[in-house]
Structures are given as C-alpha cells and as structure tokens.
Amino acid sequence: MKKLTLILFFISLNILSFGQDKPKVVATATMIWDMAKAVGGDLIEVESIVPIGGDPHLHEPTPRDAKLVASAQLILKNGLTFEGWLDELIENSGTEAKTILVTKDVNPIKSLTYENSADPHAWMDVRNGMVYAKNIKDALVELAPANKKEFEDNYQSYIKELEALDEYIIEQLNKIPKEKRILITSHDAFQYYGRRYGIQLEAILGTSTDAEAQTSDIRRLNQVIRDSKVPAVFIESTINPKLLKQLAKDNDIVIGGELYADSIGDEDSPAPSYIEMLRHNTDTIVKGLLYEKTDDSIEKENEESTNYWLFGLLAVLFIGGFLIVVRRLNN
Ligand SMILES: [Zn+2]
C-alpha cells in the first residue's frame, strides 16, 4: 500500500510539472531578480542567488547556489566588480547557461576606493535601471523567441513605471535645500543616485563592504556633520548599523531611517521591489534631511527600535538564567 501511494505521488508530481517547462533564469542579486520578474512575468522561472537581505559583496556560495546555477539557462549578472564570487561558482557548477551583463551600455562611475575598478551600484540611478531592463528583455527574447511579444509588452509598461519613478525622485529631492543635500550612509552605494539626483555622498566604508572602517573615516565624517549641520545619517538594511548609530549619538543628530542599497526588502518591508526600494529610499532621505529638532516623529521611531533591542537582551538573559537553573536542578 505504501509503495502504491509513493508511485501515485511521483506520477502526480510528473503530471504537475508537465507543461511547466519554463526557461530557468538566475539573477545574482535581488534587484536584478525583481526586474527579471517584471519583464519575464510568469513565462519564466527566475531565482536570485543572494537572498533578500543578503550582502552580495560578501556572498559565500552554497551547494544550493551551485545547483541553481547548474539548472539555469540564463544567468543575469551586474558586473562592475559586484559579484567577485560568481566566476568560480559558474565554473564549479558546470553550467551551460549563457551569462548576460545587465550593466552593458551603462556609463560607469570609477570607484573612489579601488583603483582601476568601477562602482557597481549602477541600479541606484533609475535611468540605469531602464538599461538593465532592456538588457534583460533582449536576453529573454533570445532565450525564448516564441514569447517575444509578451516580453516586449511587459518591458514597455515597466519602462513607463520607471520613467514615473525617475520623475518622482527628482521632484521629491528638490524639496531639500541645496546646502542640506548631503547623504551620510554606511557604505558608498549612492554615487549613481547622487550623480543623477544632485546629492552629495559621504560614507563610512568604500564601494564594497569587505573592509574595516578606519578612525580617519570617522574623523572625516564628524567633520562633515559639523560643517554641513546635516540633521540625520542613514543606516542600510544589509549592514550592521553600529558605527552609524555611534556617529549620530556623538554628534547629537538622528538616524534618518533605513535605506535599501544592495538588496530589496522582503514582502513585509517598505521596499519589496526595485521600484519600491528607490521610492522608499527617496522618501526616507527627504524626511531625514528635512528633519528639525522640534519634529519628534523620527526620534520616536528610533526609541522604539532601541526598546526592541532592550527587550531582546532581557529575553536572552532570562532564558539563559532559566537554563542554568534547570541544569543545576538536573545535577
Ligand atoms: Zn554595495
């Protein structure tokens, strides 16, 4: 009987997967994954190697990644020294997938930290996002020419959304007086955003996250805050906020909020897609840089998150104490 159930189970699995032979596409990071979903719709199967909330600069490939890449027909990569781990992963997986550079035709910014290398964060400029979408669309048409019309249609309506987003960001940032347009973040991910939308960037770390902050970096930022009198600094969803919190505390300014740079957020976050990520970043930056001491809404938010930490710490201490007591009783 058990055997029969098993056989039936496998037959039904086969029936379910029959006709679902969609092209398998793999993106290295979640922004690219989201764009591929927008252009490919339900005509493709697409997954991201680095998960939501993961740091693509520091990603360490897993056996799951090797399987994913091995089964793919198309790999979408950012390039510009973003995915230092990818070539080895592709080689080890033995995949025959075609690899496409989604930044083809993007005008890259030189990395300020690393000589002869480019700043990878090109998606932060929506016009580059449009270039990504075009490269993805072209790659999908080549992969599944029978669906060309659908890909073209999806692409056209996505471009319209991106044009509206680009306008929205310009309009919103114009609310900030010129002298206050200074964005201080954890790592240097906003140079493309700054170049397009007219905002000066300062970060603790360089264009990658694989370095330690130096005392000189902190000193430089303290100086910038003092000179510019910016009211807020910003933390990032994929990076430990410790140093920035210290910086804010030392200068008696606020944490303006959390920005998404190297990953979109999950379904429950304010940034579950590429478009929403840039919209959320913009709203957060505008609100933070227009912050005035009399406005306590931002500080309240920060206090709440501190309370969570305190609650977590107390819970750990309580459980720890409980376990020690149980162990003693058992002895
Ligand atoms: Zn980055």
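Located above this text is the structure these notes cover.
Residue numbers here run from 1 along each chain, matching the order of that chain's written sequence. This being a predicted model, a pLDDT of at least 70 is required before a residue's local features are given, and a value of 80 or more before pairs of side-chain atoms are given or counted; all residues contribute to the totals for chains, interfaces and linings. Hydrogens and waters are ignored; side-chain quantities use all the structure's heavy atoms.

Caption draft 1: Representation of the overall build of the chain within the structure. Runs of H or I in DSSP of at least four residues are treated as helices and runs of E of at least two as strands, each being numbered from the N terminus. In terms of regular secondary structure, the chain is built from 11 helices and 8 strands. Relative accessibility under 20% of the residue-type maximum defines a buried residue, over 50% an exposed one, and the middle range a partly exposed one, all with a 1.4 Å probe and only protein chains included. When the 331 residues of the chain are sorted by exposure, 48% land in the buried category. Each accessible area value is a Shrake-Rupley result obtained with a 1.4 Å probe; residue values ignore everything except the protein chains displayed when judging cover. Counting every atom, the chain has about 18,400 Å² of accessible surface; 56% of that belongs to carbon and sulfur.

Caption draft 2: Quick look at the pairing of strand E3 (residues 74–77). Here strand E1 (residues 24–27) runs beside E3; their pairing, made up of 3 bridges, is parallel. Note on E3: the bridge partner recorded for Val 26 is Ile 75. Here E3 runs beside strand E4 (residues 98–101); their pairing, made up of 4 bridges, is parallel. Bridge pairing in E4 links Leu 76 to Ile 100. Look down the strands so they point away from you; if going from the first strand over the helix to the second traces a clockwise path, that crossover is right-handed. At this point the chain moves from E3, through helix H4 (residues 86–93), to the parallel E4, and the crossover so formed is right-handed. We call two strands paired when DSSP finds no fewer than two bridges between them.

Caption draft 3: Structural context of helix H2 (residues 30–40). Most of H2 is tucked away: 9 of the 11 residues are buried. Those residues of H2 not exposed but buried are Thr 30, Met 31, Ile 32, Trp 33, Asp 34, Met 35, Ala 36, Val 39 and Gly 40. Only heavy atoms matter for contacts: two residues are in contact if any of them lie within 4.5 Å across the pair. Structurally, H2 contributes buried residues whose contacts are with E1, strand E2 (45–48), E3, helix H5 (126–143), helix H6 (148–173) and helix H10 (274–289).

Caption draft 4: The arrangement of unusual backbone geometry in detail. The backbone of Thr 81 sits at a positive phi, close to 55°, despite the residue not being glycine. Within the secondary structure layout, Thr 81 lies in the loop between E3 and H4. Classification of Thr 81 by relative accessible area gives exposed; the value is 54%. If you check the backbone angles, Lys 229 has positive phi at about 55° while not being a glycine.

Caption draft 5: Geometry of a negative patch on the surface. On the surface, Asp 266, Glu 267, Asp 268 and Glu 276 cluster together into a negatively charged patch. On the secondary structure map, Glu 267 appears in the loop between strand E8 (254–259) and H10. Patches draw on residues past 30% relative accessible area with no salt bridge. Two like charges within 9 Å are joined, as are two nonpolar side chains (Val, Leu, Ile, Met, Phe, Trp, Tyr) within 5 Å. Take a side-chain nitrogen of Lys or Arg and a carboxyl oxygen of Asp or Glu: if they are within 4 Å of each other, that pair is a salt bridge. Residues scored as positive are Lys and Arg, those scored as negative are Asp and Glu, and His as well as the terminal groups of each chain are ignored. Lysine's charge is taken at NZ, arginine's at CZ, aspartate's at CG and glutamate's at CD.

Caption draft 6: Summary view of the pattern of salt bridges. All chains considered together, the criterion is met by 11 salt bridges. For the salt bridge of Lys 137 with Asp 138, the shortest nitrogen-to-oxygen distance reads 3.1 Å. Lys 137 sits in the buried class, given a relative accessible area of 6%. Assessed through its relative accessible area of 31%, Asp 138 is described here as partly exposed. Residues participating in the shared-partner salt-bridge network are Lys 134, Lys 137, Asp 138 and Glu 152.

Caption draft 7: Just the coordination of the zinc ion, in detail. Only N, O and S atoms count as donors, using a 2.8 Å cut-off from the metal and 3.2 Å for Na, K and Ca, and because water is excluded some sites may appear unfinished. Within the protein, the zinc ion binds to His 57 (NE2), His 121 (NE2), His 187 (NE2), Asp 262 (OD) and Asp 262 (OD); these donor distances fall in the range 2.0 to 2.6 Å. Taken in chain order, the donor set of the zinc ion reads H-x63-H-x65-H-x74-D. You can see His 57 sitting in the loop between E2 and helix H3 (63–70) and its partner Asp 262 sitting in the loop between E8 and H10, a full 205 residues away along the chain. For the pair shown, His 57 and Asp 262 are each scored as buried.

Caption draft 8: The arrangement of the nonpolar core in detail. Residue types Ala, Val, Leu, Ile, Met, Phe, Trp, Tyr and Cys, when buried and joined through side-chain atoms within 4.5 Å, form a set referred to as a nonpolar core. Core analysis: the largest hydrophobic core is formed by 77 residues, its most contacted members being Leu 76 and Ile 184. Bear in mind that the domain bounds are from an automatic or database domain assignment. Counting only domains with at least three residues in this core, you end up with domain 1 (18–170) and domain 2 (178–304). Once you skip the residues sitting within four places of it in the chain, Leu 76 turns out to touch Val 25, Val 26, Ala 27, Thr 28, Ile 32, Ala 36, Ile 100, Val 102 and Ile 136. Among the nonpolar cores identified, the runner-up in size contains 12 residues, and Val 26, Ile 75, Ile 90 and Ala 97 belong to it.

Caption draft 9: The arrangement of helix H9 (residues 242–250) in detail. Every buried residue of H9 is accounted for by Leu 244, Leu 247 and Ala 248. Projected onto a plane normal to the axis of H9, the buried residues spread over an arc of 95° and lie on a single side. Of the exposed residues in H9, the ones pointing more than 90 degrees away from its buried face are Lys 242, Lys 249 and Asp 250. On the buried face of H9, the contacting elements are strand E5 (182–185), helix H8 (215–228), strand E7 (232–236) and E8. Following H9 by one or two positions, Asp 252 adopts a phi angle in the positive range, close to 55°. Along the arc lie the directions from the helix axis toward the C-beta atoms.

Interpretation note: all reported values are geometric properties and have no functional meaning in isolation.
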